[in-house]
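Architecture and fold: a report
Residue-level listing of the chains:
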Amino acid sequence: MTKPAHVPITFAVALEGARTMLPLMPGIAAFGMAFGAASVQKGFSLLEATLSSGLIFAGLAQMVALEGWTEHWTLGTLLALGFLTFTVNMRHVLMAASLRPWLAPLPAWQVYPALMLLADNNWAATLRYHAEGGRDAGFFVGSGLLTWVVWVLATMVGHVIGGGIPDPKAVGIDLVVPAFFVAMLLPNWKGRREAVGWGVAAIVSVAVSFLLPGWWFIVVGALAGALAGGFTEDGR
């Protein structure tokens, strides 16, 4: 059995990973500020909003949880919100699994803390770095660490500024989230399968949002898009 190759982690490549993320940081910052501003409307303190971003570090799931936040919790609402955020973050299971063939030689005490820095942007950049021949795991750590720092700081700034905005929607803060994810999605366009899957997901999500209350349109739309993409042949 072939012994897995050694995987280095160097400071120089960590800096390279951080520099690669710099063009994306304005979008991350805007997204984080949107969460911070929205958290004020739900009664979060600055400490609570900061801990949410620092410990959870899952932008879309945080936004979804915030929208479903209520002053009066029942077991049903708690389970529903937990299931929804779990569904939103299920993609991280596949993202982490895609890194296993590369990071497996590293000891668990290095791998699992590093995976706390896993985000959509640094995952995509790390896969590209690896596909181009890069083998230093410092790239993943550096790109993820910069993303985490900017996300947490932006949340704090958004909370401070957002406290003076009576209605974030009035100044378009609510548009930051969909705009950010559209920008993240477009570079992954590869052909017909994406067009069918994304199109079905979008149509079904919009339809379900009018038929069912809450955030079920996310779950139903994602499942519909995945099924449509799975039965679509590859093509350009």
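Chains are numbered independently. Their residues run from 1 in the order of the written sequence. Note on the predicted model: pLDDT of at least 70 is required for a residue's local features to be given, and 80 or more for side-chain atom pairs to be given and counted; whole-chain, interface and lining totals, by contrast, use all residues. To obtain the side-chain values, all non-hydrogen atoms of the structure were used and water was disregarded.

Between side chains of opposite charge, a pair can form as their charged atoms come close. The term salt bridge refers to a pairing of a side-chain nitrogen on Lys or Arg with a carboxyl oxygen on Asp or Glu at a separation within 4 Å. Evaluated as defined, the whole model comprises one salt bridge. With a closest N to O distance of 2.8 Å, Arg91 and Asp120 form a salt bridge. Placement of Arg91 in helix H6 (residues 91-103) and of Asp120 in helix H8 (residues 120-131) is noted, with a sequence separation of 29 residues between them. The class of Arg91 is partly exposed, set by a relative accessible area of 25%. Helix and strand assignments follow DSSP, with helices taken as H or I runs no shorter than four residues and strands as E runs no shorter than two, numbered in order from the N terminus. Burial status follows relative accessibility: with a 1.4 Å probe on protein chains alone, a residue under 20% of its type maximum counts as buried, one over 50% as exposed, and anything between as partly exposed.

Turning next to the UniProt feature "transmembrane region" (unreviewed entry) in the protein chain. UniProt positions are given in the numbering used here, feature names are shortened, and annotations may be inferred rather than shown by experiment. Taking the UniProt record as the reference, the feature "transmembrane region" (unreviewed entry) is found at residues 20-39, 46-66, 72-90, 139-158, 170-189 and 195-228. Between the C-alpha atoms that bound residues 46-66 the distance is 14 Å, and the span itself is 90% helix and 0% strand. The distance from the first to the last C-alpha atom of residues 72-90 is 27 Å, and the span holds 79% helix and 0% strand.

Right, let's talk about the nonpolar core for a bit. Judged by nonpolar contacts, the single largest core of 29 residues is most densely connected at Leu99, Trp102, Leu103, Leu106, Ala137 and Trp151. Those elements that place two or more of their residues in this core are helix H1 (11-21), helix H2 (25-41), helix H4 (59-67), H6, helix H7 (108-115), H8 and helix H9 (138-162). Among the elements that line this core, the one with the most residues is H2, at five residues. A contact between two residues is defined here by any heavy atoms of the two lying within 4.5 Å. Not counting the four nearest positions on each side in its chain, Leu99 is found in contact with Leu115, Leu118, Trp123, Thr126, Leu127 and Phe140. The term nonpolar core refers to a set of buried residues drawn from Ala, Val, Leu, Ile, Met, Phe, Trp, Tyr and Cys, joined through side-chain atoms within 4.5 Å.

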